[in-house]
Amino acid sequence: MNKELFSNDEYREALEMLNQLMRDVEQISDADHKVLFYNVLQYFDSIHREPVLRIMKALESYPALKKEISEDETVQKLCTLYDIKTEEHPTKKEKVMDLIPVEELTYITPPKQKDWLELGNYQEFEDKKLYAKNYERVNFLVSRVGSEVFAVQNQCDGSLLPIDKGTLEDHFLICPWHGCKYDLKTGHSVNVNDKKLDTFQVEIEEDGLLKVEIAY
Ligand code: FES
């Protein structure tokens, strides 16, 4: 097996190319495709982040090996991307890729600006179905339960994982990963203390137009 697939220079070029592709994706006008893409990214992030964290943790038992690995440029980039500190190279707030700054993928950022987003007639949303949406890098989900509509962050509290594949029981959303049950009216979990989803204000106009206020 080859020790390396490509050189550090080629790795940097690959990162630059990826950055360019990310910028191209930002220009996609079709909202559904954009949401799909962000969700794919989020899952990729999750399935990579966990083993990387475990590997780095396991390496703590082998300080010399950890030092050698941590000095590798590509490993440093990876650790920066996943916000993993190594003693030799504390994580800088360097942005490795344009589209997925870790802090924005991990948590919805503090509100800076608010927009009312129009999502069409609320009756076009099937009853008790979860719709993943994205606006200004805020991943959220919308669900209609009877004549009420709810909008909450599409990310389980304390996790990177999206929850739009969860199940609904009345106005309670059950996370597909470990079963945390959230009240969509308040965002609070009813079975795990201190877990909460950000909720977004929803309005239905007289003609049925559904609007969601997104803070970003
Ligand atoms: S990720 Fe939702 S309960 Fe664990």
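To keep things clear, this report deals only with the structure shown in the data block. Values in this document were obtained by computation on a predicted structure and should not be read as measured data.

## Here's the deal with unusual backbone geometry
Okay, step 1: Phi is positive for Lys128, which is not a glycine, with a value near 55°.
Okay, step 2: Looking at where Lys128 falls in the secondary structure, it is placed in the loop between strand 1 (114-121) and strand 2 (130-135).
Okay, step 3: Look at Asp194: it is not a glycine, yet its phi comes out positive at around 70°.
Okay, step 4: By secondary structure assignment, the location of Asp194 is in the loop between strand 7 (181-183) and strand 8 (202-204).
Okay, step 5: The exposure class of Asp194 is exposed, given its relative accessible area of 77%.

## Here's the deal with the pattern of salt bridges
Okay, step 1: For the coordinates displayed, the defined rule picks out nine salt bridges.
Okay, step 2: With its nearest N and O atoms 2.6 Å apart, the salt bridge here joins Glu73 to Arg12. With Glu73 in helix 4 (residues 73-81) and Arg12 in helix 1 (residues 8-26), this residue pair connects regions lying 61 residues apart in the sequence.
Okay, step 3: Judged by relative accessible area, which is 22%, Glu73 ranks as partly exposed.
Okay, step 4: The class for Arg12 is partly exposed, based on a relative accessible area of 38%.
Okay, step 5: Residues participating in the shared-partner salt-bridge network are Asp9, Arg12 and Glu73.

## Some details on the sheet that holds strand 2
Okay, step 1: Reading across the sheet, the three strands line up as 2-3-4 and stay open at both edges, with antiparallel pairing between neighbours. With one partner strand each, in any of the chains shown, strand 2 and strand 4 (148-153) form the two edges of the open sheet. The average angle at which neighbouring strand axes cross in this sheet is 30°, direction not considered.
Okay, step 2: As judged from the six bridges shared by strand 3 (residues 138-145) and strand 4, these two strands associate in the antiparallel manner. Looking at strand 4, one finds that Val142 is bridged to Ala151.
Okay, step 3: Helix 2 (residues 31-58) contacts strand 2 and strand 3 of the sheet and is inclined by roughly 95° relative to strand 2.

## Some points on the packing of aromatic side chains
Okay, step 1: This structure, assessed with the given rule, holds three aromatic pairs.
Okay, step 2: For Lys181, the ring lying beneath its charged end belongs to Phe172, and the centroid distance is 5.3 Å.
Okay, step 3: Lying over the aromatic face of Trp116, Lys211 brings its terminal NZ or CZ to 5.8 Å of the ring centre.

## Examining a nonpolar patch on the surface
Okay, step 1: Together, Leu36, Val40, Phe44 and Ile47 line one region of the surface with nonpolar side chains, adding up to about 390 Å² of accessible area.
Okay, step 2: Here Val40 is to be found in helix 2.
Okay, step 3: On the accessibility criterion, Val40 (40% relative accessible area) is partly exposed.

How each quantity is defined
Residues numbered from 1 in each chain as written. Predicted model: local features only at pLDDT ≥ 70, side-chain atom pairs only at ≥ 80, totals over all residues. Heavy atoms only, no water. Helix = DSSP H or I, 4+ residues; strand = E, 2+ residues; numbered from the N terminus. Buried < 20%, exposed > 50% of the residue type's maximum accessible area, 1.4 Å probe, protein only. Salt bridge = Lys/Arg side-chain N within 4 Å of Asp/Glu carboxyl O. Pairing = 2+ DSSP bridges. Axes fitted to C-alpha atoms, helices over the stretch in contact; angles between N-to-C directions. Contact = heavy atoms within 4.5 Å. Phe/Tyr/Trp six-rings, centres within 6.5 Å; stacked < 30°, edge-to-face > 60°. Lys NZ or Arg CZ within 6 Å of the ring centre and 35° of its normal. Patch = residues over 30% accessible without salt bridge, like charges linked within 9 Å, V, L, I, M, F, W, Y side chains within 5 Å. Areas by Shrake-Rupley, 256 points an atom, 1.4 Å probe, with all protein chains shown as cover.

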